[in-house]
Amino acid sequence: MFSVNNKKKKIGALILLSMIGMLLLLPFAQMDVSAQGKEEAAAEESAEPAEGEIGSKGKDKQYGGVNEFGIVSGPPAPEMVYPDSYGSYGDYQSRTLLWVSNQQHLYFGSFVLAVPMFVFVMELIGATQKDRKVGKKFDDLAHEMMKISLTAYSVTAILGGILIFTFLALYPGFFGYLASIFKPVMHIYALLFILESGVLYVYYYGWDAMNDGNGNWKWTHLGISCILNAIGIVLMVMANTWIGFMMSPAGVDESGRFLGDIWKVIHTPLMVPIVIHRILGNAAFGGGVVGAYAAFRFLSSKTLEEKAHYDWMSYIAMFMGILNLIPLPFAGYWLMREIYAYRQQMGITLMGGLLAWVFIMQATMIATLFITVNYYLFQAMGRMPGAERYYPAFKFLLAILVISTISWLTPHTLVMTPAELKAMGGQQHPVVGNYGVMSAKNTAINTMITTTVLTFCLYQRANRIITVPWAWKGNCFLILLFAMAWVNILFLGIYGYFIPANVRIGLSVPQVVSTLTTLFVGVAVNTKMLKGSKEVAPIRWGQMSVRGAYALFLLAVAFTWTMAVMGYLRSSVRLHWHVNEIMRDNSPWAFTNPLGYAGNINSMNVLLFWTMLLFVFWLSSLAAKKAPSKVTADAGEAVPAASH
Amino acid sequence: MFNIRKKTMLTQVLFLLLALPVVSWAGGGATGFIDAGTFALVIEVGLVLGAIFLGWIVKHKMGITIPKLLQAPILYILAYINFRVILQPPIPFSLLAMYMGVCTLVILCYCTITTESWEAFSGPIASMLRDDHTKAKMSRYATFLILPGLIAAQTYNTMLPKFGEPIELRTVHPAPPASINVHKKLVTLQTAENPFRVGDDGEYLKVGDESKYFGGNSWTGDVPRFLQEVREGGVVFFGTAGCFFCHGDNLDGRGPFSFAFNPIPANFADPGTIAQLQETFVFWRVAKGGPDLSREAFPWASAMPPWEKHLTTNEIWKVIVFEYWHTGFFPRTWG
C-alpha cells in the first residue's frame, strides 16, 4: 500500500507543482501585459501607424470573414540569403544533417509518447481483470514497457537538444523567425516537458508502491497515466503546429508578419488532420516497437517460461499496433483531401507529380505491413491446436493480398526508357494503367484490411470449437458479411471510374464502412460465437515459430521506414519554401532530392534508430537478468479469449 | 478414383474457362464491344482461373503432389511469364521488377506459411547441405558451382558498360502554378471556373450534371445551351486548332501525327488523364503548352504548342468542355 508519511516531502512536492503551474501561466500574463502596453501606447500615439508597421491592421494570409484582419505584431519574415542566413559544416549538406537529427528525435519522441498510451491500456486491462493472475500478467507487461520507455526518454531529450543545436547552427535565420512567431507558446512547450518528466517519474517509480491490485491506489496510478498521456499528446500537438504552420501558414500576413493571435498560427488548415494522423501513427508505431522488443526477448530467451511470456507480449503488442494501423490509411486519406483542398499544387505534387513515386514507396511499405500481419497470424496459429482445419484457407487469403498489393502499388507515372515508352504506346498502360488511380487504390487497401480482419477471425477461433446453438446461422452471417463487404468494395471501386471525382471521393466512405463493418460487427459476432466454446487444447505460448518473431521485426522496421518516407514526403512538398509562400529557402540545398538519395538517407535513419533501440533493449535485458522474478508467465498457459 | 466421366466433365469446364478470353475476343474485342484493356484483363482472369483449376486437377484428381521446393520456382516462372509475355503491351522493366519483388515475397510466405510447408520447403535444402549420401553430395557440389557462377555472371553483367537510353521518371502531371496570365487576364487556377459550363438556364452547371447531355446530338437545330458549347468546342478541336491531328478522332492520343512523337500525345480517353484533373489544369496546359511546363515537369517531354497564341480564351474553355463531353469523363472538383 502506498502512503506518504513524510510531510516535508509532500509539502515540497506541492510547492514544486505550484511553481511549475505558475511558470506555465507566465506567458499568458506576459501576453496580457504586452496587450495592455500596446493599448496604452496606441492611446498615446494619435497618429495611425503606416501599413505594415507594428500596430497597423494586417490581412491574414489564410483566414477570411470576421477573422480576416489582425494587428501587426511582428516583423516580416526575413529574406534568407546564402551564406549569411545559413550555417554549414564544410561542404556537407546542412539539410541532410538537420533531416537526420530531426528524424531521430521524432522516432524516439514518437516512441516515448506512444508507449504510455500502450501502457495505459495494458494497465487498465490488468486492473479490470477479475482473474488477478491474468491481471498481473498485463500489469507486469505494462511495467516492463514503461521501464524501456524511461531509458528511451533520456535518449529523446538528448536528441531534442541535438536538434535544437542543429537548427541554431545551420538554420539560424529560419529558426529565429519561427521562434518569434511561436514565442507565446514556446515557453509552455518547454515547461510541459518538465511537467511530463515529473509525472513520468512519479508514475514509474510509484508503480510498485501504488500497486494494490485493483484498489484505490491502482486507480490513482491509472489517473496519473491519464495525465501523462494528456501532457504527451499536448506536447505532440504543439510540436505539430510548427510543421502545420510551415506547410499552410495562417495568423500572419502575406509577408509573414505575426498578426497577434497565436491560436490562428496554431490552427492552420492542415493542423487537425496532421495531428489525428500523427496520434494514430504514433500508437501503431508504439505497438510495432513493443512487438519488436517482445520478439527480441522471445528469440533470446533461454527458458520456455520466458519464451511464453514474450510470445504472449508480442501478440498483445501486435494486436495494439494493428488496431491503430487499420484506421491510419483513412486518416491519411483525409489529410490528403485537406491538402488538395488547401493547395491543388501541393496535392498534385504529392500524388501525381514530382513526389508521386515516394507514395509508391509508401504503398510498398503499407502492403508489406498487411502481408506481414497476416503472415504473423498464420504463424501464430501454428501454436494453436485445432488450427489445422484453416490451413488450406491461408493460400487463398495470401492470393487476395498479393492481387490487392499489385493493384495498390502500381504507379500512375511509370519509370521507363523512351524505348519502353514507345513500345507501350503511350504514357498509360491499357491494363495496369487502370490501377494507377484512386479508385483502384481505395479498393485495394480496403480489400487488404478486410482480409486481415478475416484472418484475425480465423485466429480467434483457431483452437476452439463453437458450441452456441446458433453456430450455423452465425457462420452463414459471417460468410455473407465478408462476401458482401468484398463485393461492395469491388463494385464501388469499379463504379468510381464512371463518375465525377468529387462523387468518387465520396465513395470511399461506403467502402470504409464496409471494411469497418467487418471489423466491428464481424469480430463482435465471432467473439459472441466463441462464448462458452470448447477448447481443443490450450494455446502453446512460447512455441511460435521463429519466423513469426522475425515477421514482427519486419513489421516494426516497415513502420519506421514508412514514417521516414512519409515524413520526407510531407516536408518535401514545400519544395523551395521554408514556410510555404512566405519564407523562401535560398540555401544551395533547396532542390528536391533524387529518389535514390532520399531512399538511402531514410534507410540510414531507420538503421540508426534500430541500432540505438536495440541498445536500449539490451540495456533492459541486463536489468531483467538481475531480477528474473519479474517473469511470471506460465508456460503453455492460455490467455482467455477476451485478450485475443 | 478419377473416372472417365468426371475427367471429361472437368476437361470441358477447363476448356470453357480457357475459352472465355477467346469468346470475349470474338464477341467483344474484335468488334470493338470491349476495349483492349478489358479484353486483356479478361484473358488474365481466364488464365489465372484456368491455372488454379489445372493445379487442383493435378493435385486432387491425378494425385500428383509437386514438391514445395519445386512449387516455388514454378510459381515464380509462371508469374514472370504472365507479366512479361501475356500482359500486353509490354510493361516497363521498373514495373516488372516491382511486381516480381512482390511475387518473391509472397511465394516465400507461401512456402513457409505453416511449419509443415516450411519443413517441406527447407527439408531438401537442409538435406543437400548436411547429408552424406551421393545424391546430397552431388547436389551440394552442383549448388556450390552454380551459385558462385550465377553471382559472377550477374556481377559481370552489372559491371558491363551499357549504352542504352537512361530511364526517365517523367512527371506527367506536374503541379500547376497558382495563377497564370492568358491574354492579359489573370486566371487563378485554384478557383477559376469554365464559363461555358452552363445549363439550360444559363447558370453554371455543377460537375456531374452534364451527364444528361452525354451522347446527345449537338448538331440538331434546337440543342440545349451546353451542347451548343460542346459543338463549338468540337469545331475548335477538329477545325480551328486541329487538335485531332495529334490527339485523334476518338481523343485517344492516336491521331495521324501522333506516332511521330515520343511520348505520343495524351490519351484523354484513359481514366488517368483529364478525368484526374481540374478543368483549370487542362486550361493551363492548353493555353501554355510544353514551353510553360513547370520546373518539376522533368523531362519536359511535351510537344504541345502554347495555344494562347492561336486561340481565344473562350475557344480554349470551349474545347475543354468538348473534351470532357466526348470522353464521358468529369473534371475533378473538390466541392
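Note that the structure is a prediction, hence the values are computed from the model and not measured.

Of the regular secondary structure elements, chain B holds ten helices and three strands. In sequence order, chain B lays out its α and β elements as α-α-α-α-α-α-β-β-β-α-α-α-α. Here chain B holds 335 residues, and 41% of them are scored as buried. Within chain B, residue pairs in contact and separated by at least 24 positions form 55% of the contacts whose partners lie at least 6 positions apart. When the accessible area of chain B is evaluated, it comes to approximately 18,700 Å², of which 66% is carbon and sulfur surface.

Here we come to the overall build of chain A. Helices and strands together make up the secondary structure of chain A, namely 20 helices and seven strands. Buried positions account for 57% of the 644 residues belonging to chain A. Split by element, the accessible area of chain A, about 26,500 Å² in all, is 69% carbon and sulfur.

What follows concerns helix 14 (residues 391–408) of chain A. Under the 1.5 Å per step criterion, the end-to-end length of helix 14 of chain A is 26 Å for 18 residues, consistent within 8% with the ideal 26 Å. All buried positions along helix 14 of chain A are accounted for by Y391(A), F394(A), L397(A), L398(A), L401(A), V402(A), S404(A), T405(A), I406(A), S407(A) and W408(A). Looking at the buried side of helix 14 of chain A, the elements it contacts are helix 13 (356–381) and helix 16 (438–460) of chain A together with helix 3 (68–86), helix 4 (93–111) and helix 5 (115–130) of chain B.

Looking now at helix 17 (residues 471–495) of chain A. Residues and elements named next belong to chain A. Spanning 25 residues, helix 17 covers 35 Å between terminal C-alpha atoms, matching the ideal 36 Å at 1.5 Å per step. Regarding helix 17, the residues found buried are A471, G474, L478, L481, F482, A485, I489, L492 and G493. The elements touched by buried residues of helix 17 are helix 16 and helix 18 (501–529).

Locating R547(A) in the fold gives a position in helix 19 (residues 546–572). Despite being buried, R547(A) has no salt bridge partner; E119(B) is the closest side chain of opposite charge, sitting 7.4 Å away. In terms of polar contacts, R547(A) uses its side chain to reach the side chain of Y375(A), at 3.5 Å. Once residues lying within four places of it in the same chain are set aside, the contact partners of R547(A) are Y375(A), Q379(A), T112(B), T114(B), T115(B) and W118(B).

Below, the discussion takes up empty space enclosed by the protein. Here the structure, examined in full by the defined rule, presents three cavities of 30 Å³ or more. Taken as a whole, the largest cavity encloses approximately 70 Å³ of empty space. Taken together, V437(A), M438(A), S439(A), G496(A), Y497(A), I499(A), R504(A), P271(B), A275(B), Q276(B), F329(B) and F330(B) make up the lining of the largest cavity. For the lining of the largest cavity, a count of residues per class yields eight nonpolar, three polar and one charged.

On to the interface of chain B and chain A. At the interface, 68 residues of chain B touch 64 residues of chain A. Between chain B and chain A the total buried area reaches about 5,800 Å² when both faces are included, carbon and sulfur atoms providing 65% of it. The interface formed by chain B and chain A holds zero salt bridges in total. Linking chain B with chain A are 15 residue pairs in polar contact (both at pLDDT 80 or more). Only helix 2 (36–61), helix 4, helix 5, strand 1 (168–169) and helix 9 (279–288) of chain B provide two or more residues apiece to the side of chain B that touches chain A.

In the structure shown here, the tally under the stated rule is 46 aromatic pairs over all chains. Taken together, a centroid distance of 4.3 Å and an interplanar angle of 25° make the contact between F378(A) and F394(A) stacked. In this pair, F378(A) is assigned in helix 13 and F394(A) in helix 14, connecting sequence segments 16 residues apart. The pair F378(A) / F394(A) is uniform in exposure class, with both members buried. When the centroid spacing of 6.4 Å and the interplanar angle of 15° are considered together, the rings of F456(A) and Y459(A) count as stacked. Of this pair, F456(A) and Y459(A) both sit in helix 16, three residues apart, roughly one helical turn. Across this residue pair, the class does not change: F456(A) and Y459(A) are buried. Grouped by ring-pair contacts, the aromatic residues F237(B), F238(B), F244(B), F245(B), F257(B), F322(B) and W325(B) constitute a single cluster. A cation over an aromatic ring shows up here: K307(A) above the ring of F298(A), its NZ or CZ 4.7 Å from the ring centre.

Per-residue confidence for chain A gives a mean pLDDT of 87, with 91% of residues at or over 70. In this model, residues 628–644 of chain A is a region of pLDDT below 50 whose contacts with residues beyond four sequence positions or in other chains number 43 contacts.

This next bit is on a nonpolar patch on the surface. Residues and elements named next belong to chain A. Judged by side-chain polarity, V487, L490, F491, I494, Y495 and F498 come together as a nonpolar surface patch covering roughly 660 Å² of accessible area. If you trace the backbone, Y495 turns up in helix 17. Judged by its relative accessible area of 38%, Y495 is partly exposed.

Mapped onto the elements of the fold, I505(A) is located in helix 18. Using a relative accessible area of 14% as the deciding quantity, one classes I505(A) as buried.

Pairing geometry for strand 2 (residues 179–182) of chain B and strand 3 (residues 185–188) of chain B, over four bridges, is antiparallel. Residue pairing in the sheet places V182(B) in a bridge with K185(B) of strand 3 of chain B.

Bringing the pairing of strand 2 of chain B into the picture now. Residues I180(B) and V182(B) point to one face of strand 2 of chain B and are all buried, whereas S179(B) and N181(B), pointing to the other face, are not buried. The loop that links strand 2 of chain B with its antiparallel partner strand 3 of chain B comprises two residues; one of these, H183(B), has a positive phi angle of about 50°.

Among soluble globular proteins, nonpolar side chains are generally buried collectively. Among the nonpolar cores identified, the biggest contains 250 residues, and M145(A), Y177(A) and F83(B) are the most heavily contacted of them. In terms of residue count, helix 13 of chain A provides more of this core than any other element does, 18 residues in total. If you count residues domain by domain, this core takes at least three from each of domain 1 (4–159) and domain 2 (179–327) of chain B. With residues up to four places along the chain from it excluded, the contact list for F83(B) reads I406(A), I91(B), L96(B), Y99(B), M100(B) and C103(B).

Another aspect to go through is the pattern of salt bridges. What the rule picks out here adds up to 16 salt bridges over all chains. The closest approach of N and O atoms between K61(A) and E581(A), which form a salt bridge, is 2.9 Å. You can see K61(A) sitting in the loop between strand 1 (57–59) and strand 2 (69–71) and its partner E581(A) sitting in the loop between strand 6 (577–579) and strand 7 (583–584), a full 520 residues away along the chain. You can call E581(A) partly exposed: its relative accessible area is 25%. For the salt bridge of K318(B) with E232(B), the shortest nitrogen-to-oxygen distance reads 2.4 Å. Here E232(B) lies in helix 7 (residues 225–240) and K318(B) lies in helix 10 (residues 313–327), a separation of 86 residues in the sequence. One salt-bridge network, held together by shared partners, links K61(A), R343(A) and E581(A).

What follows deals with the packing of helix 2 (residues 94–128) of chain A against helix 9 (residues 271–300) of chain A. To describe two helices that pack against each other, one gives the angle between their axes and the distance between the axes. Residue and element names in this part refer to chain A. Between helix 2 and helix 9, whose axes approach to 8 Å, the crossing angle comes to 85°. Considering their axes alone, helix 2 and helix 9 lie roughly perpendicular with respect to each other. Contact residues: helix 2 offers L106, Y107, S110, F111, L113, A114, V115, M117 and F118, while helix 9 offers R278, I279, N282, A283, F285, G286, V289 and V290. Classifying every residue of the contact of helix 2 with helix 9 by side-chain character gives 13 nonpolar, three polar and one charged.

The peptide bond linking Y82(A) to P83(A) adopts the cis configuration, its omega dihedral lying at 10°. Looking at the element boundaries, P83(A) is found in the loop between strand 2 and helix 2. A positive phi is found at K184(B), a non-glycine position, where the angle reads about 65°. If you check the backbone angles, L251(B) has positive phi at about 60° while not being a glycine. Positionally, L251(B) belongs in the loop between helix 8 (244–247) and helix 9.

Looking at chain B as a whole, the pLDDT averages 86, with 88% of positions reaching at least 70. Throughout residues 26–31 of chain B the model reports pLDDT below 50, and contacts reaching past four residues in sequence, or to other chains, amount to eight contacts.

Our next topic: the environment of T515(A). Residues and elements named next belong to chain A. Structurally, T515 can be placed in helix 18. Sequence-wise, T515 and W486 are 29 residues apart; in three dimensions their C-alpha atoms are separated by 8.4 Å. With residues up to four places along the chain from it excluded, the contact list for T515 reads N446, I449, T450 and I489.

Calculation rules
Residues numbered from 1 in each chain as written. Chains lettered and ligands numbered in written order. Predicted model: local features only at pLDDT ≥ 70, side-chain atom pairs only at ≥ 80, totals over all residues. Heavy atoms only, no water. Helix = DSSP H or I, 4+ residues; strand = E, 2+ residues; numbered from the N terminus. Buried < 20%, exposed > 50% of the residue type's maximum accessible area, 1.4 Å probe, protein only. Contact = heavy atoms within 4.5 Å. Areas by Shrake-Rupley, 256 points an atom, 1.4 Å probe, with all protein chains shown as cover. Expected span 1.5 Å × (residues − 1). Lys, Arg positive; Asp, Glu negative; His and termini not counted. Salt bridge = Lys/Arg side-chain N within 4 Å of Asp/Glu carboxyl O. Polar contact = N/O pair within 3.5 Å; in protein donor to acceptor, adjacent residues only side chain to side chain. 1 Å grid on protein atoms, 1.4 Å probe; cavity = no way out; pocket = protein on both sides within 12 Å on 5 of 7 lines; lining within 4 Å. Points joined across faces, edges and corners; volume = space filled by probe spheres on them. Nonpolar A, V, L, I, M, F, W, Y, C, P; charged D, E, K, R; others polar. Buried area = accessible area lost by both parts, 1.4 Å probe. Phe/Tyr/Trp six-rings, centres within 6.5 Å; stacked < 30°, edge-to-face > 60°. Lys NZ or Arg CZ within 6 Å of the ring centre and 35° of its normal. pLDDT = per-residue confidence, 0-100. Patch = residues over 30% accessible without salt bridge, like charges linked within 9 Å, V, L, I, M, F, W, Y side chains within 5 Å. Pairing = 2+ DSSP bridges. Core = buried A, V, L, I, M, F, W, Y, C linked by side-chain atoms within 4.5 Å. Domains from an automatic or database assignment. Axes fitted to C-alpha atoms, helices over the stretch in contact; angles between N-to-C directions. Parallel < 35°, antiparallel > 145°, perpendicular 65-115°, else oblique.

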